[in-house]
Amino acid sequence: DHGVDDQKFFASIPIRVECIDTILNTDNLGWNVPLMKMDVQGFECFVVDGMGALVLKRIGIIATEMAGKWLVAQGCSDTGLVNRMRAADFDVMFRGKLLKGDPPPRHGNFDILAVKRREE
């Protein structure tokens, strides 16, 4: 991260990846996720894409870092992540305020909260 060249990495190992809605029983109406913390080094768009509507409906808040450099490396962007959150019925909060429009241009990473819109 951030130009550090002295990191040591282990050899790659195969892992099995499954969509969360294949693991959780979405027929059980008794569960919800009040707060989900997501930090997946630029794969945030894939995580949101991989959650089915029934899972996304049960999440109240998603706290995540938005790191443009890492998102772009995985074929997404700050705007792409924000648009996914909004499409899943979340309002996106940046620095304690509702983010209207695209994320502001900036350098570096910042944290956002995606808060489920309340039904009126």
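Predicted, not measured: the structure shown is a model, and the values here were computed from it. (Residues numbered from 1 in each chain as written. Predicted model: local features only at pLDDT ≥ 70, side-chain atom pairs only at ≥ 80, totals over all residues. Heavy atoms only, no water.)

Visitor: Could you give an account of the overall build of the chain, with specific residues and numbers?
Guide: Along its length, the chain carries five helices and five strands. The secondary structure elements of the chain, listed N-terminal to C-terminal, are α-β-α-α-β-α-α-β-β-β. Projecting the C-alpha coordinates of the chain onto the three principal axes gives extents of approximately 50 × 35 × 20 Å. Within the span of the chain, comprising 120 residues, buried residues form 32% of the whole. (Helix = DSSP H or I, 4+ residues; strand = E, 2+ residues; numbered from the N terminus. Buried < 20%, exposed > 50% of the residue type's maximum accessible area, 1.4 Å probe, protein only.)

Visitor: An account of the sheet that holds strand S2 (residues 59–67) is requested, with residue identities and associated values reported.
Guide: Spatial strand order, S1-S2-S5-S3-S4: five strands in an open sheet with mixed pairing. Of all the strands in the sheet, the pair left with one neighbour each is strand S1 (33–38) and strand S4 (97–98). As paired elements, strand S3 (residues 90–94) and S4 share two bridges and run antiparallel to each other. Across the sheet, Met93 pairs through a bridge with Leu98, a residue of S4. Here helix H5 (residues 78–87) sits on the sheet in contact with S1, S2, S3 and strand S5 (109–116), set at roughly 175 degrees to S2. (Pairing = 2+ DSSP bridges. Contact = heavy atoms within 4.5 Å. Axes fitted to C-alpha atoms, helices over the stretch in contact; angles between N-to-C directions.)

Visitor: Can you break down a nonpolar patch on the surface residue by residue, with the values?
Guide: A grouping of Ile13, Ile15 and Val17 is seen on the molecular surface, where their side chains present a nonpolar patch of about 380 Å² in accessible area. Within the secondary structure layout, Ile15 lies in the segment before helix H1 (20–23). (Patch = residues over 30% accessible without salt bridge, like charges linked within 9 Å, V, L, I, M, F, W, Y side chains within 5 Å. Areas by Shrake-Rupley, 256 points an atom, 1.4 Å probe, with all protein chains shown as cover. Salt bridge = Lys/Arg side-chain N within 4 Å of Asp/Glu carboxyl O.)

Visitor: Can you tell me about H5, naming the residues and giving the values?
Guide: Along H5, the residues classified as buried are Asp78, Gly80, Leu81, Val82 and Met85. One or two positions beyond H5, positive phi appears at Asp89, with a value near 70 degrees.

Visitor: How would you explain the packing of aromatic side chains if you had to name every residue and give the values?
Guide: Two aromatic rings, taken as a pair, are described by how far apart their centres are and by the angle between their planes. Counted by the stated rule, this structure contains one aromatic pair. Seen from their ring centres, Phe43 and Phe46 are 5.9 Å apart, and the 40 degrees between their planes marks the pair as tilted. Judged by relative accessible area, Phe43 falls into the partly exposed class, the value being 38%. Its relative accessible area of 48% is what places Phe46 among the partly exposed residues. In this structure, Arg58 packs its charged tip against the face of Trp31, placed 4.8 Å from the ring centre. In this structure, Lys116 is placed above the aromatic ring of Phe90, and the distance from its NZ or CZ to the ring centre is 4.1 Å. (Phe/Tyr/Trp six-rings, centres within 6.5 Å; stacked < 30°, edge-to-face > 60°. Lys NZ or Arg CZ within 6 Å of the ring centre and 35° of its normal.)

Visitor: For the state of the cysteines, give the residues involved together with the corresponding values.
Guide: Here a disulfide denotes a covalent bond joining the sulfur atom of one cysteine to the sulfur atom of another. Evaluation of the coordinates by the stated rule reveals one disulfide. There is a disulfide in this structure between Cys45 and Cys76, and the S-S distance comes to 2.0 Å. The sign of the S-S torsion, about -65 degrees, decides the handedness of the disulfide formed by Cys45 and Cys76: left-handed. Of this pair, Cys45 sits in helix H2 (residues 44–50) while Cys76 sits in the loop between helix H4 (68–73) and H5, placing them 31 residues apart in sequence. For Cys45, a relative accessible area of 3% corresponds to the buried category. Residue classification places Cys76 among the buried positions, given a relative accessible area of 12%. (Disulfide = S-S within 2.5 Å.)

Visitor: Tell me about the confidence of the model for the chain, and please be specific about residues and values.
Guide: When pLDDT is averaged along the chain, the result is 86, and 92% of the positions lie at 70 or above. Between the elements of the chain, mean pLDDT differs from a low of 78, seen in H1, to a high of 95, seen in H5. (pLDDT = per-residue confidence, 0-100.)

Visitor: Lay out the nonpolar core in plain terms, naming residues and giving numbers.
Guide: Among the nonpolar cores identified, the biggest contains 24 residues, and Met51, Ile59, Ile62, Met66, Leu81, Met85 and Phe90 are the most heavily contacted of them. Those elements giving two or more residues to this core turn out to be S1, H2, helix H3 (53–56), S2, H5, S3 and S5. (Core = buried A, V, L, I, M, F, W, Y, C linked by side-chain atoms within 4.5 Å.)

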